[in-house]
Amino acid sequence: MSANSRLTIAAHTLTWIGLYQRRGHEVATSEQIATSVNTNPVVIRRLLGELRKAGLADSRRGAGAGWMLSRDLASITLLDVYRAIEPGPVFALHRATPDPECVVGHGIGPAMTAVYDDVEAALRRELAKTTLEDVLRDVLKAA
């Protein structure tokens, strides 16, 4: 099972747009962003569609079409981005109900739910501590 990179790609996308706008550009195209992310522009457009629904990005159509931030980088946390693109829980229980006559099958759901709830709460707390402004600052330090 591979790790999910959607949060990283979404943070990359929004941070790139924020820097691009600071450098005097009004909008960024999905093709420009995709070059930085090294992916297909369709992937970026789909992701930006989700980010637009969450109020983090906006788009302009027609002449001068492209994407822009809806909010300042300093007001967007990684938790905001996470909520926009990963609406479900981090972990899930079985797809089919385990055998209720089995001691493990009967108790695994409640046992794992307690752990997963704690993990999810810790994840959200940590993501809420970092803004995309923080991400951009760290990116520029590494450059």
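First things first, this report covers the structure right here in the doc. Fair warning: this is a prediction, and the values are worked out from it, not measured in the lab.

## Re the nonpolar core
- Formed by 30 residues in total, the largest nonpolar core has its most connected members in Leu 14, Leu 48, Leu 51, Val 81 and Leu 132.
- Those elements giving two or more residues to this core turn out to be helix H1 (6-22), helix H2 (30-37), helix H3 (41-53), strand E2 (66-69), helix H4 (78-85) and helix H6 (132-142).
- For this core, the element with the most residues is H1, which contributes seven residues.
- Those residues in contact with Val 81 that sit more than four places away from it in its chain are Leu 7, Ala 10, Ala 11, Leu 14, Leu 51, Leu 56, Ile 76 and Leu 132.

## Here's the deal with H3
- With 13 residues, H3 should cover 18 Å at 1.5 Å per step; its first-to-last C-alpha distance of 18 Å lies within 8% of that length.
- Along its buried surface, H3 packs onto H1, H2, strand E1 (57-60), E2 and H4.
- N-cap assignment for H3: the residue whose side-chain oxygen lies 2.8 Å from the backbone N of Val 42 is Asn 40.
- Following H3 by one or two positions, Gly 55 adopts a phi angle in the positive range, close to 80 degrees.

## Let's talk about the layout of surface pockets
- By volume, the largest pocket amounts to about 280 Å³.
- As for the largest pocket, its lining consists of 12 residues, and the residues nearest its centre are Asn 4, Tyr 82, Glu 86, Pro 89 and Val 90.
- Among the elements that line the lining of the largest pocket, the one with the most residues is H1, at three residues.
- Here the residues of the lining of the largest pocket are counted per class, giving seven nonpolar, three polar and two charged.
- Estimated volume of the second largest pocket: approximately 230 Å³.
- Lining the second largest pocket, in full, are Leu 7, Thr 8, Ala 11, His 12, Thr 15, Trp 16, Leu 19, Leu 78, Val 135, Leu 136 and Val 139.
- Contributing elements (two or more residues each) for the lining of the second largest pocket: H1 and H6.

Parameters at a glance
- Each chain carries its own residue numbering, running from 1 in the direction its sequence is written.
- The predicted nature of this model means local features are confined to residues of pLDDT at least 70 and side-chain atom pairs, given and counted, to a pLDDT of 80 or more, with totals for whole chains, interfaces and linings taken over all residues.
- Side-chain calculation: all heavy atoms of the structure are included, whereas hydrogens and water are not.
- Grouping buried Ala, Val, Leu, Ile, Met, Phe, Trp, Tyr and Cys residues that are joined through side-chain atoms within 4.5 Å yields what is termed a nonpolar core.
- When accessible area is computed with a 1.4 Å probe and restricted to protein chains, residues below 20% of their type maximum are described as buried, those above 50% as exposed, and intermediate ones as partly exposed.
- The numbering of helices and of strands both runs from the N terminus, where a helix is a DSSP run of H or I of at least 4 residues and a strand a run of E of at least 2.
- Throughout, a contact is declared for two residues whenever any of their heavy atoms are within 4.5 Å.
- Here a helix's expected span is defined as the number of its residues, less one, multiplied by 1.5 Å.
- By the criterion applied in these results, polar contacts are pairs of N or O atoms within 3.5 Å in which, for protein atoms, one can donate a hydrogen and the other can accept it, and in which residues neighboring in sequence qualify only through two side-chain atoms.
- Definitions used throughout: a 1 Å grid over protein atoms alone; a cavity as a set of points that fits a 1.4 Å probe which cannot get out; a pocket as an open set with protein on both sides within 12 Å along at least five of seven lines; a lining residue as one with an atom within 4 Å of a point.
- Grid points are joined across faces, edges and corners, and a volume is the space filled by probe spheres set on the points.
- Side-chain classes follow a simple rule in which Ala, Val, Leu, Ile, Met, Phe, Trp, Tyr, Cys and Pro form the nonpolar group, Asp, Glu, Lys and Arg form the charged group, and the remainder, Gly included, forms the polar group.

Bear in mind that shape data such as this cannot, by itself, settle questions of function.
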